[in-house]
Amino acid sequence: MEPIAYEVFRVLSANGAQAERTLELPDGQSLACWRNENGQATYHNPGHHALSVYLEGGQETRRIQAGRAVQRGFPGAACVFTGDAESRWRFRAPFRFLHLYFRQDHLARTLERVWDADGAACEPEPNYLVADEALERAARLMLTSDWSNPADRLGVDHLAQWMLIHVAREYTRRPRRLPPVTGRLSPAGAARVRDYIHSHLAEPLTLDRLSSVAGVSTYHFARLFRTTFGEPPYRYVQRCRMARARELLERSDEKIVAIALRCGFADHSQFSRAFRRHFGITPRALRGRNR
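Computed from a predicted structure; not experimentally measured.

What is the right way to look at the packing of aromatic side chains in this model?
Geometrically, a pair of aromatic rings is defined through the distance of the ring centres and the angle of the planes. Applying the stated criterion across every chain, the model contains 19 aromatic pairs. Taken together, a centroid distance of 6.2 Å and an interplanar angle of 80° make the contact between phenylalanine 9 and tyrosine 101 edge-to-face. Pair noted here: phenylalanine 9 is in helix H1 (residues 7-14) and tyrosine 101 is in strand E7 (residues 86-102), with a separation of 92 residues, a long-range link. Across the pair, tyrosine 101 and phenylalanine 9 agree in class, each one buried. Centre to centre, the rings of tyrosine 54 and phenylalanine 97 are 6.2 Å apart; their planes meet at 45°, and the pair counts as tilted. Of this pair, tyrosine 54 sits in strand E3 (residues 49-57) while phenylalanine 97 sits in strand E7, placing them 43 residues apart in sequence. Using a relative accessible area of 4% as the deciding quantity, one classes tyrosine 54 as buried. Over the ring of tryptophan 147 we find arginine 21; its NZ or CZ atom is 4.5 Å from the centre of that ring.

Encoded structure:
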């Protein structure tokens, strides 16, 4: 579901806020990084949920109730907007924030996958301008990623999944403890995942798809993968892409842009930046040195 299809996104756009970047996640959730200055916004029963985390500023942002300010923002503040609630806001200074948009069925599936519980009736409660250091750290980490880079998008997808688990655990009517996850992927499951990754490096690789290949839930997969391979999925996939790219640069005469596409990158410049960050040298310089 494109961000523009979510009502909260539409309201902010209509009231002058600027979306610096957006990302549609594989399962229909969406992310947006916003910058806003002056104005107001009213979210009236938007029909979906949204998680907001303030990144810069926010001290001059107010939640309005019965015509007066009842709460003020601050850097790191988190809000949970629910699909059946109304809230009014006034902005009087520049601030920057991250939004994660999701529907009730996304939350229900999270409860089913993580806690093996019926999530149909477990909805979040509205929470406005609360301090949540864990969400703030996750949001800031998201913004250090290149959302246009397929390798980084897997990491962003992982963080979004974690945020949804955090909302289910901390902001629903029945707070829950995370179930313990121990052990490793089975040898057969690990082999399937490894082979799938190496044969699909040119394609977007999502946690849902990889966990399906392994035959475990998304929540369990991320943790079992780390104990099995010694690193999180997004880092392993990035390392595989870089290794394949280096091998092709050193052993073939393929054009660099073709190698970039074969390794899951959208264009030459994106590939070159990622390659230099990983190896300390550009693809063109590496090929020239070898020749």
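Don't stop here, the text continues.
Looking at this structure, I do not really get helix H2 (residues 104-115). What am I missing?
One turn of the α-helix equals 3.6 residues, which is why residues spaced by three or four share an orientation. The end-to-end C-alpha distance of H2, which contains twelve residues, comes to 16 Å, matching closely the 16 Å that a straight helix rising 1.5 Å per residue would cover. Listing the buried residues of H2 in full gives Gln104, His106, Leu107, Ala108, Thr110, Leu111, Val114 and Trp115. At its buried positions, H2 is contacted by E3, E7, helix H4 (150-170) and helix H7 (218-229).

Please explain the pairing of E7 as it appears in this structure.
Regular strands place their side chains on alternate faces of the sheet. Sheet topology places strand E2 (residues 30-44) next to E7; 14 bridges connect them, and they run antiparallel. Bridged to arginine 35 within E7 is arginine 96. Relative to E7, E3 is paired through eight bridges, and the arrangement is antiparallel. Its bridge partner being in E7, valine 53 is matched across the sheet by leucine 98. Bridge count between strand E4 (residues 61-65) and E7: four bridges; the pairing is antiparallel. Pairing of arginine 63 across the sheet is with tryptophan 89, part of E7.

What's the story with the nonpolar core in this structure? I'm lost.
Note on soluble globular proteins: their nonpolar side chains tend to be buried together. Leu31, Leu51, Leu98, Leu100, Met142, Trp147 and Met163 are the most contacted members of the largest nonpolar core, which totals 34 residues. Within the residue set of this core, elements represented by two or more residues are E2, E3, strand E6 (77-81), E7, H2, helix H3 (133-143) and H4. Counting residues per element, this core draws most heavily on H4, which supplies eight residues. Excluding anything up to four places from it in sequence, leucine 100 contacts Leu25, Gln29, Ser30, Leu31, His49, Ala50, Leu51, Ala160 and Met163. Ranked by size, the runner-up nonpolar core spans 23 residues in total, among them Leu12, Tyr43, Phe81 and Phe97.

Cut-offs and rules
- Residues numbered from 1 in each chain as written.
- Predicted model: local features only at pLDDT ≥ 70, side-chain atom pairs only at ≥ 80, totals over all residues.
- Heavy atoms only, no water.
- Phe/Tyr/Trp six-rings, centres within 6.5 Å; stacked < 30°, edge-to-face > 60°.
- Helix = DSSP H or I, 4+ residues; strand = E, 2+ residues; numbered from the N terminus.
- Buried < 20%, exposed > 50% of the residue type's maximum accessible area, 1.4 Å probe, protein only.
- Lys NZ or Arg CZ within 6 Å of the ring centre and 35° of its normal.
- Expected span 1.5 Å × (residues − 1).
- Contact = heavy atoms within 4.5 Å.
- Pairing = 2+ DSSP bridges.
- Core = buried A, V, L, I, M, F, W, Y, C linked by side-chain atoms within 4.5 Å.

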